[in-house]
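Examining the three-dimensional arrangement
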Amino acid sequence: MEPPDRKVDYMNKSYDLVWKIVLIGNSGVGKTNFLTRYAWDQFTLESRTTIGIDFACRDVVHNDKKIKLQIWDTAGQENFRVLAHLYYSRAVAVVILYDITKHLTFQDVTKCWMKELDEHAKLENPVLMLIGHKSDLRHLRSVSREEGENLAAKFDMIFMEASAQDKTNVEEAFESLVAAISKKQQFLSLHPQPVDTSFKLGPLPNEETQSKKKKKKACC
Ligand code: GDP
């Protein structure tokens, strides 16, 4: 007998999957507009600093599965730091954006955002995507495409240049992300990963004595 389809209920609608995706990057790189362009096809020239945490959703179908993408947006404000662990909790993908016209925002990907992920999202092991944003401003470019590609390759991230303003690669970015998440989940279901016990409490007194004894033997 076929097992019954497991569905997820979300706001009274039924989905096969609900995926949380988070956007990070320096303030002003265009995270909010990247999100509103994808979720609602909206763009604004006014800068809106995100207050706290906000998200928008879009439904997609991939491999005959109905998936709700819940995409979270935040600014790198101080109050966000306190909530950082919640922001990354259960995220299946993280999109890091930088502004191709501002080299500092690119440098901060390594200096700040990769460290932040290492600190807060290691256990989630999300799919990573790097976006060189505002590609419509190519005449003001200060980060070459090659620099972006090299950095992405170094950290095993999907890479694209995109523009929320002229819509370049916004749809495509999320399509690649969905495909990559799906591929990773299929792989993980076939190859379950060992549980990470690095955060486990120390060994019980007996275990400790045993392991010390074993170590001594090995050394001598
Ligand atoms: P956030 O702080 O990262 O959420 O950035 P916002 O989405 O608020 O955008 C900051 C500024 O960049 C606003 O003035 C936007 O209009 C502008 N902006 C966002 N995306 C683009 C884009 O793709 N191209 C251009 N030229 N400007 C953009």
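Residues numbered from 1 in each chain as written. Predicted model: local features only at pLDDT ≥ 70, side-chain atom pairs only at ≥ 80, totals over all residues. Heavy atoms only, no water.

What follows is about the overall build of the protein. Counting secondary structure elements, the protein contains 6 helices and 8 strands. Element order for the protein, N to C, with α for helix and β for strand: β-β-β-α-β-β-α-β-α-β-α-β-α-α. Taking all 220 residues of the protein together, the buried fraction comes to 40%. In the protein, 71% of the contacts between residues at least 6 apart in sequence involve partners at least 24 apart. Roughly 13800 Å² of accessible area belongs to the protein as shown, and the carbon and sulfur atoms make up 55% of that amount. (Helix = DSSP H or I, 4+ residues; strand = E, 2+ residues; numbered from the N terminus. Buried < 20%, exposed > 50% of the residue type's maximum accessible area, 1.4 Å probe, protein only. Contact = heavy atoms within 4.5 Å. Areas by Shrake-Rupley, 256 points an atom, 1.4 Å probe, with all protein chains shown as cover.)

Where helix H1 (residues 31-40) contacts helix H5 (residues 170-190), the two axes come as close as 9 Å, and the packing angle between them is 85 degrees. Judged on the interaxial angle alone, H5 and H1 are roughly perpendicular. Between H1 and H5, the contacting residues are Phe34, Arg37 and Tyr38 on the first element and Val170, Glu171, Ala173 and Phe174 on the second. Counted by class, the contact of H1 with H5 contains 5 nonpolar, no polar and 2 charged residues. (Axes fitted to C-alpha atoms, helices over the stretch in contact; angles between N-to-C directions. Parallel < 35°, antiparallel > 145°, perpendicular 65-115°, else oblique. Nonpolar A, V, L, I, M, F, W, Y, C, P; charged D, E, K, R; others polar.)

A word on the site of the ligand. Around the ligand, the surrounding shell holds 21 residues, and the nearest of these are Thr32, Asn33, Thr44, Leu45 and Asp136. Here an oxygen atom of the ligand sits 3.3 Å away from a polar atom, N or O, in the main chain of Val29. Here an oxygen atom of the ligand and a backbone polar atom of Thr44 are 2.7 Å apart. In the complex, the protein chains occlude 91% of the 570 Å² of accessible area that the ligand would expose alone. Sort the elements by how many residues they give to the shell around the ligand and H1 lands first, with 3 residues. (Near = heavy atom within 4 Å. Polar contact = N/O pair within 3.5 Å; in protein donor to acceptor, adjacent residues only side chain to side chain.)

Moving on, we come to the pattern of salt bridges. For the structure shown, the criterion picks out 10 salt bridges. The partner of Asp118 in a salt bridge is Lys122, and the shortest N-O contact between them spans 3.7 Å. Judged by relative accessible area, Lys122 falls into the exposed class, the value being 60%. A salt bridge links Glu161 to Arg145, with the shortest nitrogen-to-oxygen separation between them at 3.8 Å. With Glu161 in strand S8 (residues 158-162) and Arg145 in helix H4 (residues 145-154), this pair connects stretches of sequence that are 16 residues apart. Its relative accessible area of 6% is what places Glu161 among the buried residues. One continuous salt-bridge network, built from bridges that share partners, spans Arg141, Arg145, Glu149 and Glu161. (Salt bridge = Lys/Arg side-chain N within 4 Å of Asp/Glu carboxyl O.)

Structurally, Ser163 is set in the loop between S8 and H5. For Ser163, a relative accessible area of 0% puts it in the buried group. For Ser163, the side chain forms a polar contact with the main-chain nitrogen of Asp166, separated by 3.0 Å. What Ser163 contacts, discounting residues up to four positions off in sequence, is His133, Lys134, Ser135, Asp136, Thr168 and Val170.

Here Lys134, not a glycine, exhibits a phi torsion of approximately 65 degrees, which is positive. Located in the positive-phi region is Lys167, a residue other than glycine, with phi close to 75 degrees. By secondary structure assignment, the location of Lys167 is in the loop between S8 and H5. Under the relative-accessibility criterion, Lys167 is labelled partly exposed at 45%.

As a further point, take the packing of helix H3 (residues 103-120) against H4. Two elements in contact, H3 and H4, have axes separated by 11 Å at closest approach and are oriented at 10 degrees. Considered as vectors, H3 and H4 are oriented roughly parallel to each other. Contacts between H3 and H4 pair His103, Phe106, Val109 and Thr110 from the former with Glu147, Gly148 and Leu151 from the latter.

Here we take up the environment of Val127. Tracing the backbone through its elements, the reader meets Val127 in strand S7 (residues 127-133). For the pair Val127 and Lys184, spaced 57 residues apart in sequence, the C-alpha to C-alpha distance is 7.9 Å.

Here the focus is the pairing of strand S3 (residues 17-24). Taking burial as the measure, the 8 residues of S3 include 6 buried ones, the bulk of the element. Examined bridge by bridge, S3 and strand S6 (residues 91-99) share 5 bridges and lie parallel to one another. Of the residues in S6, the one forming a bridge with Ile24 is Ile96. (Pairing = 2+ DSSP bridges.)

That's the geometry; what it means functionally is another story.
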